[in-house]
Amino acid sequence: MKHLSFKLKTTILITALITAVCAVSIAALTAAGLSVADSETQQTLIKTVERNVDEIEYKNGILEVESDFSFYTNGVYCDVYNENFEYIDGETPHTLIQTSDFENGNIRKHTIDGKEYYIYDSKLEFLKHEYEIDVFSGQIISYESDSAAAQEIKSAEYSVISFAGGINTEQAIEIALEHAGASRENVEILTAEIPSYSDRQVFKIEFSSSEQLAESVWIRGIVPVSAASGAYSTLTKAALYVIPAFIIISAIGAYVISKRTIRPIEKITKSAQEISSGSDLTKRIELSTGKDEIYTLAETFNEMFERLQTSFESEKQFTSDASHELRTPLAVIKAECDFALSDMANAEDKEEALVSVSEQTEKMTRLVNALLSLTRTEQGTQRFNFEDADLSTLVEEICSDYKTDKGIKINADIQSGISMNMDVSLISRLLENLLSNAVRYGRENGYINVSLSKKENNIILSVKDNGIGIKEEDLQKIWGRFYRTDSSRSNSEGFGLGLALVERIAALHAGKCGVKSVYGEGSEFEIVF
Ligand code: ADP
């Protein structure tokens, strides 16, 4: 996986994800569907059997299965069995007829010929009996026995009616009970009346008996377990064909998506490679139109190239400036040496040449030292020695010890007790550079005002002179390495490195440099720590 391309990795991951989601969804749906279907099958079985309960009764002693009895409905077969579990009636295929293990009101699974079936039995107990008895002759006209639910058995109050030349209610009850073979103490009289609908005058006697007066009957329902799951198994089979098709489609889709996603990044890579392999650092990555993450990436790259270009060019400039500055004294040394060694030079000329060589060597030493200091502070190769030190005392000491020329006076206005975490030698260097500039570009008998103060959290060091000043257009440039204004070029002492070092030292102490100047009147350099 590690060595695969982004496109391939994304394709594999997206495809795997879609496949997993698909498989889990189908499995969960099938499981849920199967469980619902299974419980529906069981409910249908129970309902079908219970609905048939009312369709069986004894009429005048003969067991009758009414025409509304459903032998086969909703995939459920219903059969009637007698008390001894002998098959009586039904349409169930022979192979499914099972005559063992009857359990009233209990649904269970049964395997027949390797196939699973749900079986449900309902036992019909004929506890309710109804008799119609002629009021005059006491003859039984008809009688029936029903299976009754407990709530239907409610004993009733009845009034005794007598017929002249016939029988009374009590006698009618006796006739019915005797015929049914029931004893009075085991029965509840539910109805004892003369119904108005009768075209013949009869007693209608209904009673329930706790004794078994008629043989009980079983209804057995049977349904295949797979009845409802059939549709789902078809669905599962269909899913087996659909899933591979789905995987192929999602793999193609994922590949197209990842290819489209990676295209702008490939473009950026190509441009970056062109820039890094070629020498043209001015080239930039073409930005896309939408401001999306890719746009930001390209923009970040371009900013990086911009900074690289600037730093590369300034390095180039620095090297060329440094070699230029070194070339002049070297050329002078070479010329002086050649002359001193020639036959034309007398002893005095040779001495003069040596003095000149010594001056140029000193100049080169100063330049190399300045370059070294700057490079060390910039690259962090110099070891800094930061400590909490008294800045007020340091500034005061430097100002009083500093030797000026041209009759220039240094005035120090220093707030006492200001201390700071600093590298004392670097801060001394910073102040000495500012003072040497103020003297170098100062006026005869001029002044330098040095002030140190603390305002809120800021420490402000200012060096102000009344020297030659700096032109407006040079104010920003003077901080650059080797930059010297036109008016100072005649002064051979400087190299244009002093202020660059000042700025770098200030930055190391979280300080900011600023300059204000009026050309011809003087300048003020301010460092805020
Ligand atoms: P340099 O060694 O030439 O003094 P710096 O980096 O110290 O180099 O200064 C850069 C340039 O800024 C100088 O060449 C000079 O033109 C100008 N400059 C610096 N300090 C002053 C000042 N106090 N007054 C006028 N010009 C200044």
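Look up a bit, the structure's there.
Analysis parameters
Residues numbered from 1 in each chain as written. Predicted model: local features only at pLDDT ≥ 70, side-chain atom pairs only at ≥ 80, totals over all residues. Heavy atoms only, no water. Patch = residues over 30% accessible without salt bridge, like charges linked within 9 Å, V, L, I, M, F, W, Y side chains within 5 Å. Areas by Shrake-Rupley, 256 points an atom, 1.4 Å probe, with all protein chains shown as cover. Salt bridge = Lys/Arg side-chain N within 4 Å of Asp/Glu carboxyl O. Lys, Arg positive; Asp, Glu negative; His and termini not counted. Charge placed at Lys NZ, Arg CZ, Asp CG, Glu CD. Helix = DSSP H or I, 4+ residues; strand = E, 2+ residues; numbered from the N terminus. Pairing = 2+ DSSP bridges. Buried < 20%, exposed > 50% of the residue type's maximum accessible area, 1.4 Å probe, protein only. Core = buried A, V, L, I, M, F, W, Y, C linked by side-chain atoms within 4.5 Å. Contact = heavy atoms within 4.5 Å. Phe/Tyr/Trp six-rings, centres within 6.5 Å; stacked < 30°, edge-to-face > 60°. Axes fitted to C-alpha atoms, helices over the stretch in contact; angles between N-to-C directions. Parallel < 35°, antiparallel > 145°, perpendicular 65-115°, else oblique. Left-handed = near helix turned anticlockwise from the far one by under 90°. Nonpolar A, V, L, I, M, F, W, Y, C, P; charged D, E, K, R; others polar. Polar contact = N/O pair within 3.5 Å; in protein donor to acceptor, adjacent residues only side chain to side chain.

(A) Examining a negative patch on the surface more closely. Judged by side-chain charge, Asp390, Glu396, Glu397 and Asp401 come together as a negatively charged surface patch. Here the negative patch takes three residues from helix α6 (residues 391-401), the largest share from any one element. Along the polypeptide, Glu397 turns up in helix α6.

(B) Structural view of the pairing of strand β16 (residues 447-455). For strand β14 (residues 409-414) and β16, the ladder comprises six bridges, and the chain directions are parallel. Bridge assignment links Asp413 to a residue of β16, and that residue is Ser451. Pairing analysis gives eight bridges linking β16 to strand β17 (residues 458-465), with the strands arranged antiparallel. Residue pairing in the sheet places Leu452 in a bridge with Leu461 of β17. Following β16, the chain reverses through two residues before pairing antiparallel with β17; Glu456 in that reversal takes a positive phi of roughly 50°.

(C) Highlighting the pattern of salt bridges. For the structure on display, the rule yields 13 salt bridges. A salt bridge links Lys59 to Glu64; the nearest nitrogen and oxygen atoms lie 4.0 Å apart. According to the relative accessible area criterion, Glu64 is partly exposed, its value standing at 32%. As a salt-bridge pair, Arg220 and Asp121 come within 2.7 Å of each other at their nearest N and O atoms. Of this pair, Arg220 sits in strand β12 (residues 217-224) while Asp121 is found in strand β7 (residues 115-124), placing the two residues 99 residues apart along the sequence. By relative accessible area, Arg220 is classed as buried at 2%.

(D) Inspection of a positive patch on the surface at higher detail. Positive charge collects at one region of the surface, where Lys259, Arg260, Arg263 and Lys267 lie side by side. As for its position among the elements, Lys259 is in helix α3 (residues 226-277). Exposure remark for Lys259: the relative accessible area of 38% places this residue in the partly exposed category.

(E) Looking closely at the nonpolar core. Within the largest apolar cluster, 48 residues are counted, with the highest numbers of intra-cluster contacts made by Leu391, Val395 and Leu497. No other element matches helix α7 (residues 424-440), which puts eight residues into this core. With sequence-adjacent residues up to four places away left out, Val395 is seen in contact with Ile414, Leu431, Val450, Leu452 and Leu461. Core analysis: the next-biggest nonpolar cluster, separate from the first, contains 19 residues, Leu45, Ile56, Phe126 and Ile219 among them.

(F) Broad picture of a nonpolar patch on the surface. A cluster of nonpolar side chains, contributed by Leu8, Ile12 and Tyr255, occupies part of the molecular surface with about 240 Å² of accessible area. Take Ile12: it is sitting in helix α1 (residues 6-53). On the basis of relative accessible area, Ile12 is assigned to the partly exposed category, the value being 39%.

(G) The arrangement of the packing of aromatic side chains in detail. All told, the structure shown has 15 aromatic pairs when counted by the stated rule. Centre to centre, the rings of Tyr72 and Tyr77 are 4.4 Å apart; their planes meet at 40°, and the pair counts as tilted. Judged by centre distance (5.3 Å) and plane angle (10°), the rings of Tyr131 and Tyr143 are stacked. Taken together, the positions of Tyr131 in strand β8 (residues 128-134) and Tyr143 in strand β9 (residues 140-146) put the pair 12 residues apart, joining distant regions of the chain. A residue is classified by how much of its surface remains accessible, and Tyr131, at 3% relative accessible area, is buried. Tyr143 sits in the partly exposed class, given a relative accessible area of 21%.

(H) Examining the sheet that holds strand β11 (residues 202-209) more closely. Spatially, the six strands line up as an open sheet ordered β2-β1-β9-β8-β11-β10, and their pairing is antiparallel. The open sheet has two free edges, formed respectively by β2 (62-65) and β10 (187-193), since each of these has just one partner strand. When the angles between neighbouring strand axes are averaged without regard to direction, this sheet yields 20°. Two elements, β8 and β11, share seven bridges in a ladder whose sense is antiparallel. The residue bridging Glu130 from the neighbouring strand is Glu206, located in β11. Each of β8, β9, β10 and β11 touches helix α2 (residues 169-180); the most contacted strand, β11, lies at about 50° to it.

(I) The side chain of Glu130, seen in detail. Tracing the sequence through the fold places Glu130 in strand β8. Buried and unpaired, Glu130 has Lys204 as its nearest opposite-charge partner, separated by 4.2 Å. Residues within four places of Glu130 in sequence aside, it is in contact with Ser142, Tyr143, Glu144, Lys204, Ile205 and Glu206.

(J) Spatial organisation of the packing of helix α5 (residues 347-379) against helix α9 (residues 498-508). Closest axis-to-axis distance for the α5/α9 pair is 10 Å, and the angle between their directions is 30°. Looking at the two axes, α5 sits roughly parallel to α9. Between α5 and α9 the crossing geometry is left-handed. Contacts between α5 and α9 involve Ser373, Leu374, Thr377 and Glu378 on the former and, on the latter, Ala500, Leu501, Arg504 and Leu508. Class assignment of the residues belonging to the contact of α5 with α9 gives a composition of four nonpolar, two polar and two charged.

(K) Examining the sheet that holds β17 more closely. The five strands are arranged β14-β16-β17-β19-β18 in an open sheet whose pairing can be described as mixed. Bordering the open sheet on either side are β14 and β18 (512-518), each of which pairs with just one other strand. Between one strand and the next, the sheet's axes are offset by a mean angle of 15°, whatever the strand orientation. Bridge count for β18 against strand β19 (residues 522-528) is seven bridges, and the pairing is antiparallel. Along β19, the bridge assignment pairs Val515 with Phe525. Each of β14, β16, β17 and β19 touches α7; the most contacted strand, β17, lies at about 25° to it.

(L) Just the environment of Tyr131, in detail. Considered as a pair, Tyr131 and Phe207 are 76 residues apart in the sequence and their alpha carbons are 8.7 Å apart. Apart from residues lying up to four places away in sequence, Tyr131 is in contact with Ile140, Ser142, Tyr143, Ala176, His179, Ala180, Phe203, Lys204, Ile205 and Phe207. A polar contact of 3.4 Å, which involves the side chain of Tyr131, links it to the backbone nitrogen of Ala180.

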